[in-house]
Amino acid sequence: MPPPSDHPCLHLSLLEKKFFVVKTEKLDAAVFSITRTPEEISVAGEVYEGMSKTFEENSGWRCIKIAGPMEFNLTGVVASFTAPLMTAQVPVFAVSTWNADYVLVPDEKVAIAVDALKQDGWVFTEQK
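A few points on the structure. Here the structure is a predicted model, which means the values were calculated and not measured. (Residues numbered from 1 in each chain as written. Predicted model: local features only at pLDDT ≥ 70, side-chain atom pairs only at ≥ 80, totals over all residues. Heavy atoms only, no water.)

## Let's talk about empty space enclosed by the protein
Logical step 1: One pass over the full model with this rule turns up one cavity of 30 Å³ or more.
Logical step 2: Of the voids in this model, the largest cavity is the one considered here, and its volume is about 30 Å³.
Logical step 3: If you go around the largest cavity, the residues you meet are Pro3, Ser5, Asp6, His7, Leu10, His11, Gly121, Trp122 and Val123.
Logical step 4: Here the lining of the largest cavity is composed, by residue class, of four nonpolar, four polar and one charged. (1 Å grid on protein atoms, 1.4 Å probe; cavity = no way out; pocket = protein on both sides within 12 Å on 5 of 7 lines; lining within 4 Å. Points joined across faces, edges and corners; volume = space filled by probe spheres on them. Nonpolar A, V, L, I, M, F, W, Y, C, P; charged D, E, K, R; others polar.)

So this is what it looks like as structure tokens:
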């Protein structure tokens, strides 16, 4: 499923640094996303110098950012984005913010993910 439109807000960039995804009770990182539920706290963030061994052991992720900002009435973006990744058997961990969507994929499957998205019509731009 290609992107819902060719608007630049839907162009992609593959972020250079790896990301980690962990459950934790404490975090001192500068850039991260936290999701808390009654059962757990999930944390995803950019790899940084001196991070804990737990984070380092779980840092095998790459992040593809959907440029944004997008209007909240724009529907189907994440569904359109993840459909070719599902077909290519690339697992995802998605994080949404007010301005953009970030989709983490396993480092060992990043080339497959990028190729699948390009073949589906998604446009990658240089990282800003």
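## Structural notes on the nonpolar core
Logical step 1: Residues Leu10, Leu12, Ile66, Phe81, Leu85, Val105 and Leu117 are the most contacted members of the largest nonpolar core, which totals 17 residues.
Logical step 2: If we ignore the near neighbours within four places in the chain, the residues touching leucine 85 are Val90, Val92, Val105, Ala113 and Leu117.
Logical step 3: The next biggest cluster of nonpolar side chains, apart from the first, holds eight residues, and it includes Phe19, Trp61, Cys63 and Val95. (Core = buried A, V, L, I, M, F, W, Y, C linked by side-chain atoms within 4.5 Å. Buried < 20%, exposed > 50% of the residue type's maximum accessible area, 1.4 Å probe, protein only. Contact = heavy atoms within 4.5 Å.)

## Comments concerning the pattern of salt bridges
Logical step 1: Across all of its chains, the model carries three salt bridges by this definition.
Logical step 2: Of the charged contacts in the structure, one is a salt bridge between lysine 53 and glutamate 57, with a shortest N-O distance of 3.8 Å. Remark: glutamate 57 and lysine 53 occur in helix 1 (residues 53–57); sequence separation between them is four residues, near one turn of the helix.
Logical step 3: We classify glutamate 57 as exposed; its relative accessible area is 55%.
Logical step 4: Each of the salt bridges in this network shares a partner with another, and the network as a whole consists of Lys18, Arg62 and Asp107. (Salt bridge = Lys/Arg side-chain N within 4 Å of Asp/Glu carboxyl O. Helix = DSSP H or I, 4+ residues; strand = E, 2+ residues; numbered from the N terminus.)

## Here's the deal with the environment of glutamine 119
Logical step 1: Along the chain, glutamine 119 turns up in helix 3 (residues 110–119).
Logical step 2: Separated by 35 residues in sequence, glutamine 119 and proline 84 place their C-alpha atoms 8.7 Å apart.
Logical step 3: A distance of 2.8 Å separates the side chain of glutamine 119 from the side chain of aspartate 115, its partner in a polar contact. (Polar contact = N/O pair within 3.5 Å; in protein donor to acceptor, adjacent residues only side chain to side chain.)

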